[in-house]
Amino acid sequence: FSRTCAPTAPRAPPLCSMPGDADGDVESLLQTRQGFLSKLGGGQEKGHKWNRRWFVLRDNILMYFNSPKDFTGFRDKPSGVVLLEEANVRESGEGGYYGRPFTFVLSHSGGESVVLAAETEKEMVEWMQAVRTSRLCVTDAEAAAMSEAQRQQAAEADIDAAVHRRADAEAALATVDKELSEVQKTHREVEAEKERAEKELKELMARFKLRKSLLHWRHRKLTFSFRALVTIVFEGRIDKARGAKASADARMAAAQQELEAASAARQKAEVAKRKSEEMYVRELELKKQSEAEEREGDRLAAHEADLRAEAEQEVGVLKQAGLGKLSLDRERQECLDLRMQLERCRAEGELLQTKLKRRVPTGKSK
């Protein structure tokens, strides 16, 4: 697990005090180291995939980039940063992680770890030595100019100052705890006051509901008493008013019945009137038709009389002329035929007159 943070500003070349080592060896170890390493994604516990990254070691900071092109200077933003302060460097052991050889682990006291793998054993040893050397570096120029005793005294002074600051912080924390206890006490008092107020409010609401129910009951009782009093005092008037209302209802019902009867009679009269008008119209039509038939009968009778006169005249002419027996017989036959036709016409005329008389209505029907 890598401690990722923003890249720091470039520092002065570190100075290191390592007893027993030559200055040339120290300077070679303190040079900026760069190269490819494989990083296990997710760290020692959850890692399962190896990623090849370009690592740069400077002072006590190990940075890595996706490729060498991404690193042009220490002002470039890396993909990740591993702080080497309080870091422990150890080899992963035989077999490595997931069968990967030449692996080593950078672990911190908090349980965070970074698993790296080199291409060869030599590269692994060089990288582990470089990381161990970087952890021993002193990056402060003033501290580098001091002796070991002076640095120890300065560290003790820093520890004392830290102890004093801790005491001040504990005093401030005690003050805060005291203020917090006061606030909590005030809060408890407010809560108690709130509970008392809620209790009083509940009691008031209960009293209000009881008073409301009593007022409602009293109102209903007064209403019933008032109705009973009104009924007792105005009982006679109420009975008289009820009788008048009943008689008025009866008269109204009778009037309604009379109105319905009048309406029915009116409807019947209207129906009879429509029927009489229809009969009158029909009577006029029959009268006109009978008059026309009577005129036609008179015309036929006149025509029959004319034919009879002509026939008699012809018979007289034939008698005067003294024709032969054959001609007289033939003419006689013709006269007989004409007479028979006249008789039939007369009978038809009488039949028509009889029909006309039957059709012509009497004065009562009019």
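You'll find the structure just up there.
Note that this is a predicted model, so its numbers are computed, not measured. Every chain is numbered on its own, with residues counted from 1 as its sequence reads. In keeping with the predicted nature of the model, local features appear solely for residues at pLDDT of at least 70, side-chain atom pairs appear and are counted solely at 80 or more, and the whole-chain, interface and lining totals rest on all residues. To obtain the side-chain values, all non-hydrogen atoms of the structure were used and water was disregarded.

Bringing the pattern of salt bridges into the picture now. A pairing counts as a salt bridge when a side-chain nitrogen of Lys or Arg comes within 4 Å of a carboxyl oxygen of Asp or Glu. Applying the stated criterion across every chain, the model contains 4 salt bridges. E126 serves as the salt-bridge partner of R33, at 2.7 Å between the closest nitrogen and oxygen. Note that R33 is positioned in strand β1 (residues 33–41) and E126 in helix α3 (residues 121–135), a separation of 93 residues in sequence. A relative accessible area of 23% means that R33 is categorised as partly exposed. For the exposure calls, accessible area comes from a 1.4 Å probe over protein chains only, and a residue counts as buried if that area is under 20% of its type's maximum, exposed if over 50%, partly exposed in between. For E126, a relative accessible area of 33% gives the class partly exposed. A run of DSSP states H or I qualifies as a helix once it reaches four residues; a run of E qualifies as a strand once it reaches two. Both are numbered from the N-terminal end.

Of all 5 residues that make up strand β7 (residues 113–117), 5 are buried, and the element is covered over most of its length. Here β7 shows two buried faces, one formed by S113, V115 and A117 and the other by V114 and L116. As paired elements, β1 and β7 share 2 bridges and run antiparallel to each other. Each residue of the ladder has a partner; that of S38, found in β7, is A117. The sheet contact formed by strand β6 (residues 103–108) and β7 spans 5 bridges and is antiparallel. Across the sheet, residue L106 finds its bridge partner in β7, namely V114. Two strands form a pair only when DSSP identifies at least two bridges running between them. Taken together, β6 and the strand that follows it, β7, pair antiparallel across an intervening segment of 4 residues, in which G111 is found at a positive phi of about 95°.

So, about the nonpolar core. Side-chain atoms within 4.5 Å are what join buried Ala, Val, Leu, Ile, Met, Phe, Trp, Tyr and Cys residues into a set we call a nonpolar core. The biggest cluster of nonpolar side chains holds 18 residues, and the ones touching the most others in it are L62, F104, L106 and L116. Going through the elements one at a time, β2 (49–58), β3 (61–65), β6, β7 and α3 are the ones with two or more residues in this core. In terms of residue count, α3 provides more of this core than any other element does, 5 residues in total. Working rule for contacts: check all heavy atoms of both residues, and any pair within 4.5 Å makes them a contact. In this structure L116 touches L37, S38, K39, W50, F55, L62, F102, T103, F104 and L106, once residues within four positions along its chain are discounted.

Moving on, we get to the packing of aromatic side chains. Pairing of aromatic rings covers Phe, Tyr and the six-membered ring of Trp, with a centre-to-centre limit of 6.5 Å; geometry is then stacked below 30 degrees between planes, edge-to-face above 60, and tilted otherwise. By the definition in use, this model includes 3 aromatic pairs. Between the aromatic rings of F65 and F71, the centroid separation amounts to 5.2 Å while the plane-to-plane angle is 40°, which identifies the pairing as tilted. A residue is classified by how much of its surface remains accessible, and F65, at 1% relative accessible area, is buried. The buried category is assigned to F71, whose relative accessible area is 13%. Positioned above the aromatic ring of W127, the side-chain terminus of R33 is 4.9 Å from the ring centre. Throughout this description, the term charge over a ring refers to an Arg CZ or Lys NZ atom that lies within 6 Å of the ring centre and within 35 degrees of the ring normal. We note R100 situated over the ring of W50; from NZ or CZ to the ring centre the distance is 5.3 Å.

Within the open sheet, the 7 strands sit side by side as β4-β3-β2-β1-β7-β6-β5. Their pairing is antiparallel. Two strands close off the open sheet at either side, each with one partner strand: β4 (80–83) and β5 (87–91). Across the sheet, the axes of successive neighbouring strands diverge by a mean angle of 35°, strand direction being ignored. Two strands pair when backbone bridges link them, and β3 and β4 are joined in this way by 4 bridges, in the antiparallel orientation. In the strand pairing of β4, L62 is matched with V82. Note on method: axes are straight lines fitted to C-alpha atoms, helices fitted across the in-contact stretch only, with angles between N-to-C directions ranging 0 to 180 degrees.

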